[in-house]
Amino acid sequence: MGDTSENGTAAQDGDGRRAGADPGAEAEAGAGADREPAHGTAPGTDRERSRRLLRERRVAACRSAPRVLARLGFLDPLRERLALLDAAAGVYDLDEAADRYGDGVVEALEERVAGLLGTEAAAFFPTGTMAQQVALRCWAGRTGSPVVALHGLSHPEVHERNAFSLVGGLRPVRVTDEPRMPTAAEVQDFDEPFGALMLELPLRDAGFVLPTWEELTEVVDAAREREVVVHFDGARLWECTVHFGRPLEEIAALADSVYVSFYKSLGGFGGAALAGPATLVDEAKAWRHRYGGNVFQQFPTVLSALIGLERELPRLPEYVTHARVVAAALREGLAEAGVPWARVHPEVPHTHDFQVWLPYEADVLAEAAVRAAEETGTALFADRWDPKGPGLSLTEVHVRAAGLEWTADDVRAAAADFVRRLPGAGARKPA
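Quick caveat, the model's predicted, so the values are computed rather than measured. (Residues numbered from 1 in each chain as written. Predicted model: local features only at pLDDT ≥ 70, side-chain atom pairs only at ≥ 80, totals over all residues. Heavy atoms only, no water.)

**Observations regarding the overall build of the chain**
- Secondary structure summary: the chain contains 15 helices and 13 strands in total.
- Counting over 431 residues, the chain shows a buried share of 56%.
- Across the chain, every contact between residues at least 6 apart in sequence was considered, and the portion connecting residues at least 24 apart equals 75%. (Helix = DSSP H or I, 4+ residues; strand = E, 2+ residues; numbered from the N terminus. Buried < 20%, exposed > 50% of the residue type's maximum accessible area, 1.4 Å probe, protein only. Contact = heavy atoms within 4.5 Å.)

**A few points about the sheet that holds strand E9 (residues 343-345)**
- Overall, antiparallel pairing links the four strands, which are arranged E9-E10-E13-E12 in an open sheet. Across the chains shown, the open sheet's two edge strands, defined by having one partner strand only, are E9 and strand E12 (385-389). Pairwise comparison of adjacent strand axes, ignoring direction, gives a mean angle of 30° for this sheet.
- Bridge count between strand E10 (residues 353-358) and strand E13 (residues 392-398): six bridges; the pairing is antiparallel. By the bridge assignment for E13, leucine 358 is matched with serine 393. (Pairing = 2+ DSSP bridges. Axes fitted to C-alpha atoms, helices over the stretch in contact; angles between N-to-C directions.)

**Overview of the packing of aromatic side chains**
- This model, assessed by the stated rule, comprises eight aromatic pairs.
- Taking the centre distance of 4.8 Å and the plane angle of 70° together, the rings of phenylalanine 381 and phenylalanine 418 count as edge-to-face. With phenylalanine 381 in the loop between strand E11 (378-379) and E12 and phenylalanine 418 in helix H15 (residues 408-420), this pair connects stretches of sequence that are 37 residues apart.
- A relative accessible area of 2% means that phenylalanine 418 is categorised as buried.
- Ring-pair connections join several aromatic residues into one group, and the members of that group are Phe381, Trp385 and Phe418.
- Note that arginine 142 overlies the ring of tryptophan 139, its terminal NZ or CZ placed 5.8 Å from the centroid.
- Positioned above the aromatic ring of phenylalanine 125, the side-chain terminus of arginine 288 is 5.9 Å from the ring centre. (Phe/Tyr/Trp six-rings, centres within 6.5 Å; stacked < 30°, edge-to-face > 60°. Lys NZ or Arg CZ within 6 Å of the ring centre and 35° of its normal.)

**Some words on a negative patch on the surface**
- Taken together, the side chains of Glu214, Glu215, Glu218, Asp221 and Glu225 define an acidic patch exposed on the protein surface.
- Inspection of the secondary structure puts glutamate 225 in helix H8 (residues 213-225). (Patch = residues over 30% accessible without salt bridge, like charges linked within 9 Å, V, L, I, M, F, W, Y side chains within 5 Å. Areas by Shrake-Rupley, 256 points an atom, 1.4 Å probe, with all protein chains shown as cover. Salt bridge = Lys/Arg side-chain N within 4 Å of Asp/Glu carboxyl O. Lys, Arg positive; Asp, Glu negative; His and termini not counted. Charge placed at Lys NZ, Arg CZ, Asp CG, Glu CD.)

**A look at the confidence of the model for the chain**
- Per-residue pLDDT for the chain has a mean of 90; in total, 88% of the residues score no lower than 70.
- Taken together, the stretch residues 1-41 has pLDDT below 50 and engages in 182 contacts with residues farther than four places along the chain or on a different chain.
- Note that pLDDT drops below 50 for residues 426-431; the model gives that stretch nine contacts with residues more than four away or on any other chain. (pLDDT = per-residue confidence, 0-100.)

**Observations regarding the nonpolar core**
- Ranked by size, the top nonpolar core spans 61 residues in total, and within it Leu117, Phe232 and Trp238 carry the most contacts.
- With 33 residues, the next largest nonpolar core counts Leu330, Ala337, Val339 and Val397 among its residues. (Core = buried A, V, L, I, M, F, W, Y, C linked by side-chain atoms within 4.5 Å.)

**Digging into unusual backbone geometry**
- The omega angle of the peptide bond from leucine 201 to proline 202 is -10°, so this bond is cis rather than trans.
- Within the secondary structure, proline 202 is located in the loop between strand E5 (196-200) and H8.
- The peptide bond linking histidine 345 to proline 346 adopts the cis configuration, its omega dihedral lying at -10°.
- Backbone geometry places tyrosine 101, a non-glycine residue, at a positive phi of 50°.

**Quick notes on the pattern of salt bridges**
- Summed over the entire model, instances satisfying the criterion amount to 26 salt bridges.
- Ionic pairing is found between arginine 171 and glutamate 192, a salt bridge with its closest N-O pair at 3.1 Å. In this pair, arginine 171 is assigned in strand E4 (residues 171-176) and glutamate 192 in the loop between helix H7 (184-188) and E5, connecting sequence segments 21 residues apart.
- Taking the relative accessible area as the measure of exposure, arginine 171 reaches 41% and is therefore partly exposed.
- Relative accessible area serves as the criterion here: at 25%, glutamate 192 is assigned to the partly exposed category.
- Arginine 204 is paired through a salt bridge with aspartate 205; the nearest N and O atoms lie 2.4 Å apart.
- Among the charged side chains, a network of salt bridges with common partners joins Arg57, Glu367, Arg371 and Glu374.

Here is the structure:
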C-alpha cells in the first residue's frame, strides 16, 4: 500500500492523526504506513500539543513495555533498526558487489519473489504506491482503457491523494463502498466499462477482511467474463494463506499481476514488488525509471526484505492462528469487565490483524491505553484510536511474534485492567 493519506479534512484520531490514514510509519503499532500530521489543526494549539504528547507517550510506552502483542521494528531507534542487517550474511553473499540501479542483490530479491508467487518475473519498487500506479498504467496501455474498478475503501482511494488520476492518468470507479469485499454480481453488473479490476487482499480499511476462496474465484471469473485484467493489491498477501487454505502461488495465479509489500508483515525497511508476466514486468521497469524509482543503491532495504522472507514469512500462519485466540479472549475479557458494547471485527480474524470497536471517545480510549502500558508494562492496545461517530471509536490490533507469549487468560486480564481505567468503569457490571 502506498505512503500518505489523501484528505486534509478527515477526522482526527485520539492522538491527533487523521482517521483512516494508513498506519505505516507509526502504527502497525498499527500495521501500515506513513500517517501524516493533521492538516486541519494548527500545530501550535493546545489540543494538537496534547495529542502530540499523547502519541509520544504511546510510542515510548510500547517501545519499553515488556509485554506487547506486536513488537514493531519501525518504532525502534536507528541503532536497533540497523541491527536487523546483522542477519544479512545468512540470506545473501556479502562478498558480492553492491547493487547499482537494480542489479545484483535487487535482482536476487526479484527472482525470489517471482518464485514464491509463481510468476514469470518481478520488479522491485521503492514504494507500493509507485508499483501499483505503474502496473495499472501499463495495463491501461494494453487494454486501451484507463478505467480501473476498485473498492471505495481501497488504498489508492483513501491514502494516495488521488495519485491514480493526477499522476497515473487513470480513472478509478468504485464497485462498492460497503465494508466488505466486492461481490461477483457487483463486478458483473457494473454499469460502465473498465479495463482493470483491482482487489485489495485483505481489505485493510474494512477490517483486514478477505472473501472466501469461492467468493474470490467468482469475482475473478466475473471479471474474466467482462474481459478485463485482474490486479491484486497484495500488500499483505503473505498472510492470506491460512484463510484461503491455499499456497501463495495458487492465490497469485488468479490475478494477471500482484503487488506485495516487504515491511507491513515482513518487517523490512520498506519496498515493494510487482509480479506478473515477464513482458509486463519489463515495461514496468521502464516506467519505474521514469517515475524516479530506479534508485542508485538499495541494498539495505533489499537485504531487510530478504531477511523478512527468510524469518517472518514462515511464521505468519502461526501469527494468524494465534490472532484468533487473542480476538476471542479480548471479546470475552471486555464483556466480563462490563463494557456496555464492544465489537471485535472480524469476529474470527482473517489475518493476524483485526479491529476493535468501543463506545467511547477516541481521546478517552487513547489515554486509558497509554496509562495501562505505562503503569503495568503491558500494552494491549498499542495503536491509535480513530473516532467513528459520537462516542464510538476503533483501533487495530496486531499479533506478531511477541503476541505468541500471551495466553487467553493474559488477554482477558489485560482487557479488564484497561476497562478499569475508563470513566465510569466502576459503575458498569456485566449483566
